[in-house]
Protein chains: 2
Amino acid sequence: MARKYSSEALAILVDELSRLPNIGRVTAQRLAFHILKGPAERAFSLSDAIRAVKEKVRYCDVCWNITESETCEICHDARRKPETICVVEEPRDVITLESTGEYRGLYHVLHGALSPLDNITPDDIRARELMQRMGESVEEVIIATNPNIEGEATALYLSRLIKPLGVRVTRLARGLPMGGDLEYADEVTLARALEGRTEL
Amino acid sequence: MARKYSSEALAILVDELSRLPNIGRVTAQRLAFHILKGPAERAFSLSDAIRAVKEKVRYCDVCWNITESETCEICHDARRKPETICVVEEPRDVITLESTGEYRGLYHVLHGALSPLDNITPDDIRARELMQRMGESVEEVIIATNPNIEGEATALYLSRLIKPLGVRVTRLARGLPMGGDLEYADEVTLARALEGRTEL
């Protein structure tokens, strides 16, 4: 591969970029030439940002969300209600939920979901750490894992552990997406929407 | 924007990545989380590769192709025929043409094409440097600029400069792409293919 490029450094960059998800060799080459053609400061600040994210970012000691200190901003925030914990699979889900501006409780990031096929067991996700938080003044656990097989299995597993402790366990509503069209809804979503129908 | 992420370093990385061409904020965030979740060595080698490409890569003193030394591998190669110079717009075009394995001459990279609308004049591309090479034993200049308005204008401009020197000026054939279907060819390509038809 390196032979194709008249610069080893360029060949290496194309290789490195093509390791990123959904970046094929053609896109990687286009990105590499863009970086090469642009000003050095732009390339250096991108390079530094990549390094910094690995050097500075760590996980919150309490909720396993991303942070740069021991505990994250949300766990720190005295205005957040500690009685409610919303359980998500990944740190990006916290960002998505926060963007609604609707939720005022705390979070717990599992870093994965149960998947027997991929050999992901309760020991591979932060389930034990969630259970350790149950001792506190927790009244409700909202399980916001993804609405797919792995997410549902994880929700079921956690609810079986938490409910016996007398804590309320809820799940994000499944139904028709807002702005969607009935005609384009899949059968499973439609069945769930019927099942979970609400009074008007 | 930074407020959305619980880490400043992550916010900066998403910003930096979304400055790349065709990388929107959603893709940038996905890439940033991929880098964050992966091993530190992977992130560091990507970071180093980006820096290295700006630090090591320079342009060939002769043909303006990318290289890491004063002159590029192709200009250095004694087996290449110096009588023929193939003129391209960008360094990536050299890679594309080399991948055919059909061309044994030298190159000249213009780093652009004439475009009055974008204010790109002959002084903005390496046209003067090409003319300076005409003193040598050059017999043919193959103009391989892109088959679009800017590329055609550049080809016309260069041929008017070079032809009076008694050097043969040719242009890559325009016609139907191999493996294509007549039905899907656009009118301009089809007209060019008719015009440039060859004896069987």
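Structure: see above.
A short tour of the structure in this document, coming up.

What counts and what doesn't
- Residues numbered from 1 in each chain as written.
- Chains lettered and ligands numbered in written order.
- Predicted model: local features only at pLDDT ≥ 70, side-chain atom pairs only at ≥ 80, totals over all residues.
- Heavy atoms only, no water.
- Helix = DSSP H or I, 4+ residues; strand = E, 2+ residues; numbered from the N terminus.
- Rg over C-alpha atoms; globule rule 2.2 N^0.38 Å.
- Buried < 20%, exposed > 50% of the residue type's maximum accessible area, 1.4 Å probe, protein only.
- Contact = heavy atoms within 4.5 Å.
- Areas by Shrake-Rupley, 256 points an atom, 1.4 Å probe, with all protein chains shown as cover.
- Pairing = 2+ DSSP bridges.
- Axes fitted to C-alpha atoms, helices over the stretch in contact; angles between N-to-C directions.
- Phe/Tyr/Trp six-rings, centres within 6.5 Å; stacked < 30°, edge-to-face > 60°.
- Lys NZ or Arg CZ within 6 Å of the ring centre and 35° of its normal.
- Least-squares fit on C-alpha atoms with pLDDT ≥ 70 in both.
- Buried area = accessible area lost by both parts, 1.4 Å probe.
- Salt bridge = Lys/Arg side-chain N within 4 Å of Asp/Glu carboxyl O.
- Polar contact = N/O pair within 3.5 Å; in protein donor to acceptor, adjacent residues only side chain to side chain.
- Nonpolar A, V, L, I, M, F, W, Y, C, P; charged D, E, K, R; others polar.
- Right-handed = clockwise from strand over helix to strand, strands pointing away.

Quick notes on the overall build of chain A
Next up, step 1: The helix and strand inventory of chain A stands at eight helices and six strands.
Next up, step 2: N-terminal to C-terminal, the α/β element order of chain A is α-α-α-β-β-α-β-α-β-α-β-α-β-α.
Next up, step 3: The globule rule puts the C-alpha radius of gyration for 200 residues at 16 Å, and the 22 Å found for chain A is more than 25% above it.
Next up, step 4: C-alpha extents for chain A along the principal axes are approximately 65 × 45 × 35 Å.
Next up, step 5: For chain A, buried positions account for 42% of its 200 residues.
Next up, step 6: A fraction of 46% describes how many contacts in chain A between residues 6 or more apart in sequence connect residues 24 or more apart.
Next up, step 7: Of the roughly 11600 Å² that chain A leaves accessible, carbon and sulfur atoms contribute 53%.

A short note on the sheet that holds strand 4 (residues 105-109) of chain A
Sheets are built from strands paired through backbone hydrogen bonds, the pairs being either parallel or antiparallel.
All names here are of chain A.
Next up, step 1: Taking strand neighbours across the sheet as the criterion, the four strands line up as 4-3-5-6 in an open arrangement whose pairing is parallel. Bordering the open sheet on either side are strand 4 and strand 6 (168-171), each of which pairs with just one other strand. Within the sheet, the average angular offset between the axes of one strand and its neighbour, ignoring direction, is 25°.
Next up, step 2: On top of the sheet, helix 5 (residues 91-98) reaches strand 3 (81-88) and strand 4; it is set at about 155° to strand 4, its chief contact.
Next up, step 3: Across the sheet, helix 7 (residues 149-162) touches strand 3, strand 5 (140-143) and strand 6, and the angle it forms with strand 6 is around 170°.

Let's talk about the packing of aromatic side chains
Next up, step 1: Taken as a whole and assessed by the stated rule, the structure comprises two aromatic pairs over all chains.
Next up, step 2: With centroids separated by 5.1 Å and ring planes inclined at 65°, the aromatic side chains of Tyr103 of chain A and Tyr107 of chain A adopt a geometry described as edge-to-face. Just as Tyr103 of chain A is buried, Tyr107 of chain A falls in that class too.
Next up, step 3: Sitting above the plane of the Phe44 of chain A ring, Arg51 of chain B keeps its charged end 4.3 Å from the centroid.

Some thoughts on the pairing of strand 6 (residues 168-171) of chain B
Next up, step 1: One ladder, built from four bridges, connects strand 5 (residues 140-143) of chain B with strand 6 of chain B; its direction is parallel. Looking at strand 6 of chain B, one finds that Ile142 of chain B is bridged to Thr170 of chain B.

Describing the relation of the copies chain A and chain B
Next up, step 1: For the pair chain A and chain B, the relating rotation is 180°, the translation along its axis is 0.0 Å, and the fit reaches an RMSD of 0.1 Å. Put plainly, the chains are arranged around a two-fold axis. When each C-alpha of chain A is compared by its distance to the rotation axis, Ser47 of chain A comes out closest, at 2.2 Å.
Next up, step 2: Counting the interface residues of chain A, we find that 100% of their copies in chain B are interface residues as well, pointing to one common contact surface.

Regarding the interface of chain A and chain B
Next up, step 1: Each partner contributes residues to the interface: chain A has 53 residues there, and chain B has 53 residues.
Next up, step 2: Across the chain A to chain B interface the summed buried area is about 5100 Å²; carbon plus sulfur atoms make up 65%.
Next up, step 3: Looking only at chain A, the three residues that lose the most surface to chain B are Ser6, Ile50 and Lys54 of chain A, adding up to 13% of its buried area.
Next up, step 4: In this structure, the connection of chain A to chain B is made through six salt bridges.
Next up, step 5: Two residues, Arg42 of chain A and Glu16 of chain B, come together in a salt bridge whose shortest N-O distance is 2.6 Å.
Next up, step 6: Between chain A and chain B we count 21 residue pairs in polar contact (both at pLDDT 80 or more) in total.
Next up, step 7: At the level of secondary structure, the elements contributing two or more residues to the side of chain A that touches chain B comprise helix 1 (8-17), helix 2 (25-37), helix 3 (40-56), strand 2 (66-67) and helix 5 of chain A.
Next up, step 8: Ranked by residues supplied to the side of chain A that touches chain B, first place goes to helix 3 of chain A with 16 residues.
Next up, step 9: Its residues assigned to classes, the side of chain A that touches chain B comprises 27 nonpolar, ten polar and 16 charged.

Remarks on the pairing of strand 5 of chain B
Residue and element names in this part refer to chain B.
Next up, step 1: Residues Glu140 and Ile142 line one face of strand 5 and the alternating positions Val141 and Ile143 line the opposite face, and both faces are buried.
Next up, step 2: Pairing of strand 3 (residues 81-88) with strand 5 involves four bridges; the strand directions are parallel. If you follow Cys86 over to strand 5, its bridge partner there is Ile142.
Next up, step 3: Taken together, strand 5, helix 7 (residues 149-162) and strand 6 form a β-α-β motif whose crossover is right-handed.

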